[in-house]
Amino acid sequence: MVPIMSLLFPVLLSAVLVFIASFVIYVLLPYHRTDFERLPDEEGVPAALPPLAIAPGEYMLPHAEAPSDMRDPAA
């Protein structure tokens, strides 16, 4: 059986290599540039939101309380 300390360096090295590879794939390559689409009226959105007095934060449309709510055809 191999002692755990002799495996420490290969494990850390592989973790660093996987991190670098995932960084390159996600950030530098153009695979994820089309994940989010542009709004049809980009200039009109900032003008439409202030009258709604929405608090700062992150929002999701449509909002679902539970994963089962996303099965609803209206969502």
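It should be noted that the structure appears before, not after, this text.
Residues numbered from 1 in each chain as written. Predicted model: local features only at pLDDT ≥ 70, side-chain atom pairs only at ≥ 80, totals over all residues. Heavy atoms only, no water.

## Regarding the overall build of the protein chain
Here's step 1: Secondary structure summary: the protein chain contains 2 helices and 0 strands in total.
Here's step 2: A globule of 75 residues ought to have a C-alpha radius of gyration of about 11 Å, yet the protein chain, at 22 Å, is considerably larger.
Here's step 3: With the principal axes as the frame, the protein chain shows a C-alpha extent of 65 × 30 × 25 Å.
Here's step 4: Going through the 75 residues of the protein chain one by one, you find that 1% of them count as buried.
Here's step 5: Only carbon and sulfur atoms are counted for the fraction: they give 70% of the accessible area of the protein chain, which is about 7500 Å². (Helix = DSSP H or I, 4+ residues; strand = E, 2+ residues; numbered from the N terminus. Rg over C-alpha atoms; globule rule 2.2 N^0.38 Å. Buried < 20%, exposed > 50% of the residue type's maximum accessible area, 1.4 Å probe, protein only. Areas by Shrake-Rupley, 256 points an atom, 1.4 Å probe, with all protein chains shown as cover.)

## Some remarks on a nonpolar patch on the surface
Here's step 1: On the surface, V16, F19, I20, F23, V24, I25, Y26, V27, L28, L29 and Y31 cluster together into a nonpolar patch covering about 1100 Å² of accessible area.
Here's step 2: Turning to its location among the elements, V24 is positioned in helix 1 (residues 4-28).
Here's step 3: Residue V24 is classed as partly exposed on the basis of its relative accessible area, which comes to 31%. (Patch = residues over 30% accessible without salt bridge, like charges linked within 9 Å, V, L, I, M, F, W, Y side chains within 5 Å. Salt bridge = Lys/Arg side-chain N within 4 Å of Asp/Glu carboxyl O.)

## A word on the environment of F36
Here's step 1: Relative to the helices and strands, F36 resides in the loop between helix 1 and helix 2 (44-48).
Here's step 2: Given the relative accessible area of 75%, F36 is considered exposed.
Here's step 3: The spatial distance from the C-alpha of F36 to the C-alpha of P56 is 21 Å, given a sequence separation of 20 residues.

## Digging into unusual backbone geometry
Here's step 1: Notably, A53 is not glycine yet its phi reads approximately 55°, a positive angle.
Here's step 2: Summarising the element assignment, A53 is placed in the segment after helix 2.
Here's step 3: According to the relative accessible area criterion, A53 is exposed, its value standing at 68%.

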